[in-house]
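Here are the chains, one letter per residue:
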Amino acid sequence: MTSPPAPLSVAVLGAGSWGTALAAVASRRHRTVLWARDAAQAGAMADTRENARYLPGVALPDALAVTSDLSAALAPLAADPARALIILGVPVAGLDATCRELAARLPALGLAQTPVVWTCKGFEADTARLPHEIVAEALAGTPDIAGGVLSGPSFAREVAQGLPVALTIASTLEPVRDTATRALHGGAVRVYASTDVVGVEVGGALKNVIAVACGIGDGLALGTNARAALITRGLAEMTRFGVALGAQAETFAGLTGLGDLVLTATGELSRNRRVGLEIGAGRKLADILASGVTAEGVRCARAALQRARALGVELPITEAVCAVLFDGVAPMTAVSALLAREARLET
């Protein structure tokens, strides 16, 4: 009988909701350390076995180690670099800084070829870069590092609770896909592989913007017909933009396109949809954000539109969302503008 493969050593950097959920999944079969930048948060999580800030009420596995010491989080991986994985659970806004920290540390630890998988969704607000472009530049001094993106229709709370989920790991390198799959696939988690990094990232970014639009429509009580139209035309918008950036059109029919869009545009746990609902109900964006709600669709909408315009790609729904969020356009005025667009072929 063939013995099972030896466990991996996994370091998850970023103790937000998604980083914590993935660390919980990995720790059920592999040696896993979760790194939190905030020492007080790390100490509280280690003591209470709960991430009270981001996943209140969800118990963390006993096997999961938590630390605020980045060296301590990476050290176990150095013992066997061939069976190591780094998962970046940081948002787009923190990706560059985290990767630059890794670039300064990994070669000295013998981890220059360790797979690095990022999970953030969006365009960088100031530069309109996608995550893989941020990673490539930040790790330019360590060219041996192999990377990929993990994405899919997934609310962190449900994943941490052990409910079923399907994810996609996208990388041009088979060892990255294999290592990430081995770390997370099993039990209630299914992991599918893709080589289309751009397509997976564009789907993950644009679906948040479309979800804000769907929330606005629901807040205005425009009906389920309108929501279906926004989801369908939003998918066309995502696909058109992705293909212009070099993605494969078929990727958008999968988990990280249609799947993630449907979840984020309709799910009760969706922060992007919630922002749209509040906008549609008449609240101001500044007041919504001041209450502590964060939504990546708000952060990246203008950057996505800027990059699309540079490519000559029309994103009418994204443009309408930006007009409402940032230009003071009334939600119903933006809806009227979308409805007034000239008739055209669907494809």
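Model, not experiment: these values are computed from the prediction.

Bringing the domain arrangement of the chain into the picture now. Segmenting the chain into domains produces domain 1 (9-195) and domain 2 (198-340). Placing a centre on the C-alpha atoms of domain 1 and another on those of domain 2 gives a separation of 26 Å. In this assembly, 28 residues from domain 1 lie in contact with 27 residues from domain 2. Between domain 1 and domain 2 the total buried area reaches about 2,100 Å² when both faces are included, carbon and sulfur atoms providing 67% of it. Of all residues in domain 1, Lys121, Phe123 and Phe155 give up the largest surface area on contact with domain 2, accounting jointly for 34% of the area buried on that side. In this assembly, domain 1 and domain 2 are joined by two salt bridges.

Our focus in this paragraph is the environment of Val293. The residue Val293 is located in the loop between helix 12 (285-290) and helix 13 (296-311) in this model. In sequence terms Val293 and Val275 are 18 residues apart; their C-alpha atoms lie 7.7 Å from each other. Discounting residues that sit within four places of it in the chain, Val293 has contacts with Arg271, Arg274, Val275 and Ile288.

The final tally for this structure, using the stated rule, is one aromatic pair. Taking 5.6 Å as the distance between ring centres and 20° as the angle between the ring planes, the aromatic pair formed by Phe123 and Phe241 counts as stacked. One end of the pair, Phe123, is in the loop between strand 5 (116-118) and helix 5 (131-138); the other, Phe241, is in helix 9 (residues 224-244), and 118 residues separate them in sequence. The exposure class of Phe241 is buried, given its relative accessible area of 0%. In this structure, Arg302 packs its charged tip against the face of Phe326, placed 3.8 Å from the ring centre.

In this section: helix 14 (residues 316-326). When you tally the buried positions in helix 14, you get nine out of eleven residues, the bulk of the element. Buried residues of helix 14: Pro316, Ile317, Thr318, Ala320, Val321, Cys322, Ala323, Val324 and Leu325, and no others. Structurally, helix 14 contributes buried residues whose contacts are with helix 8 (197-219), helix 9, helix 11 (271-280), helix 12, helix 13 and helix 15 (331-339). A positive backbone phi angle near 75° is found at Gly328, which sits one or two residues after helix 14.

So, how was this worked out
Residues numbered from 1 in each chain as written. Predicted model: local features only at pLDDT ≥ 70, side-chain atom pairs only at ≥ 80, totals over all residues. Heavy atoms only, no water. Domains from an automatic or database assignment. Contact = heavy atoms within 4.5 Å. Buried area = accessible area lost by both parts, 1.4 Å probe. Salt bridge = Lys/Arg side-chain N within 4 Å of Asp/Glu carboxyl O. Helix = DSSP H or I, 4+ residues; strand = E, 2+ residues; numbered from the N terminus. Phe/Tyr/Trp six-rings, centres within 6.5 Å; stacked < 30°, edge-to-face > 60°. Buried < 20%, exposed > 50% of the residue type's maximum accessible area, 1.4 Å probe, protein only. Lys NZ or Arg CZ within 6 Å of the ring centre and 35° of its normal.

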